[in-house]
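Notes for the structure review
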Amino acid sequence: MTLAFDLKKYLDKRRAIVDEALEKFVPHHDIWPARLHEAIRYSLLAGGKRLRPILSIAGAEAVGADFEKVLPSACALEMIHTYSLIHDDLPAMDDDDLRRGNPTNHKVFGEAMAILAGDSLLTHAFQVIASNVPRNSEAAIVEVIKRLAIASGSLGMAGGQAEDLLSEKKKISLEELERLHRHKTGKLIQVSVEIGAILGGATPRQVESLSRYGECIGLSFQIADDILDIEGGEEIGKDIGSDVANEKATYPALMGLEESKRLAKDITDKALRSLEDFDFRADPLREIAKYVVYRKN
Ligand code: GRG
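Residue positions within a chain follow its written sequence, with the count starting from 1. Totals for whole chains, interfaces and linings use every residue, but because this is a predicted model, local features are given only for residues with pLDDT of at least 70 and side-chain atom pairs only at 80 or more, for both listing and counting. Side-chain figures throughout are based on the complete set of non-hydrogen atoms in the structure, without hydrogens or water.

**Focus on helix α13 (residues 257-273)**
Selection rule: Each helix corresponds to a stretch of at least 4 residues labelled H or I by DSSP, and each strand to a stretch of at least 2 residues labelled E; elements are numbered beginning at the N terminus. One less than the number of residues in a helix, times 1.5 Å, gives the span that helix is expected to have. When accessible area is computed with a 1.4 Å probe and restricted to protein chains, residues below 20% of their type maximum are described as buried, those above 50% as exposed, and intermediate ones as partly exposed. The directions from the helix axis to the C-beta atoms are what the arc is built from. When checking whether two residues touch, look at their non-hydrogen atoms; a contact exists if any pair is within 4.5 Å.
If you check α13, its first and last C-alpha atoms are 25 Å apart, about what 17 residues at 1.5 Å a residue would give, namely 24 Å. What α13 keeps buried is the set S260, A264, I267, T268 and A271. Down the axis, α13 shows its buried residues gathered within 105° of arc, on one side only. Elements in contact with the buried residues of α13: α10 (204-231), α12 (251-255) and α14 (283-294).

**As for the nonpolar core**
Convention followed: To define a nonpolar core, start from buried Ala, Val, Leu, Ile, Met, Phe, Trp, Tyr and Cys residues and group those joined through side-chain atoms within 4.5 Å.
Ranked by size, the top nonpolar core spans 79 residues in total, and within it L55, M79, Y213 and I288 carry the most contacts. Ignoring any residue separated from it by four or fewer positions in sequence, one finds M79 in contact with L22, F25, V26, L44, L121, H124, A125 and V128.

**Considering the site of the ligand**
This is how it is decided: The nearness test applies per residue and asks whether one of its heavy atoms lies within 4 Å of the molecule or strand. For the purposes of these results, a polar contact is taken to be a pair of N or O atoms within 3.5 Å, where, inside protein, one atom must be able to donate a hydrogen and its partner to accept one; residues adjacent in sequence count only when each atom of the pair is a side-chain atom. Only the protein chains shown count as cover for residues, and the accessible areas themselves come from Shrake-Rupley with a 1.4 Å probe. Three residue categories are used. Nonpolar comprises Ala, Val, Leu, Ile, Met, Phe, Trp, Tyr, Cys and Pro, charged comprises Asp, Glu, Lys and Arg, and polar comprises the others, including Gly.
Residues in close proximity to the ligand total 21 residues, the closest being K49, R52, H81, R100 and D225. Within the side chain of R52, a nitrogen or oxygen atom sits 2.8 Å from an oxygen atom of the ligand. Between the ligand and the protein, one listed contact pairs an oxygen atom with a side-chain N or O atom of R100 at 2.7 Å. With the chains in place, 93% of the 700 Å² that the ligand exposes on its own is no longer accessible. Elements with a minimum of two residues in the shell around the ligand: α4 (71-88), α8 (157-166), α9 (174-199) and α10. Examining the composition of the shell around the ligand, we find that six residues originate from one element, α4, more than from any other. Here the residues of the shell around the ligand sort into six nonpolar, seven polar and eight charged.

This is the structure we're talking about:
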């Protein structure tokens, strides 16, 4: 008899591992400059799904490696993600008051400190990776650093964010929206799975398949986020309806709610197909692909 895979248990366990490691990887809040470290820890340790680090861990597990090799890089991904959220919430960008159910960083610490907390998290991420190189993994770590820098910078997340800001209150096509999201949200999610695969010792072909999986769920995640902005309850932890209020181009706005849900499902099926050559050890990735589109926050 085979037991059904328990995704909640899987996510809870790995989230706890990531939370514990994150707490150790950033300076304590009484270390000088204390106020900056307090601002960093406020956002980084405020919860969150830890999706990107868990994807990295699951990527390594899919090729038979265990989480320890990946943990520093997985935490670095969460640092970069948190930096992006802090900056995204600033008045110059989305101007949000709530994040992860709490007042946004700049609401508590002021804009200047929030900018610096984001800057510090971005640079600290690379320090953590370079300071924790697993044995015989120097070449893999260089590849990880390169891919992570590309995914986060102007050719990745920051570029997507720039296009997002430039397209505000403008009519954009579905193709433009897709490109924007593939960069703004998708690249960091995609590279999370790639990093797990690379550090887990995947073959180039496996890295390619897992990268395709990450690309698909990066996009379906964003479509689901657009849907949640309309249908989400208070568990979402941020201001609901902000996309409509900000006249943002979203999937539901461009193609309707039902069509958006159908598209998210089609992309999820494509993600699952890219795992066809993997055995049961990729089951967490399979379940995460479904969770990403059916989540409530
Ligand atoms: C400021 C350079 C820069 C980039 C910002 C990703 C991003 C780029 C902004 C976030 C805007 C946003 C809310 C996009 C929707 C998708 C998204 C990234 C949601 C938040 O990620 P989750 O759901 O959050 O993984 P938690 O709190 O669970 O970590």
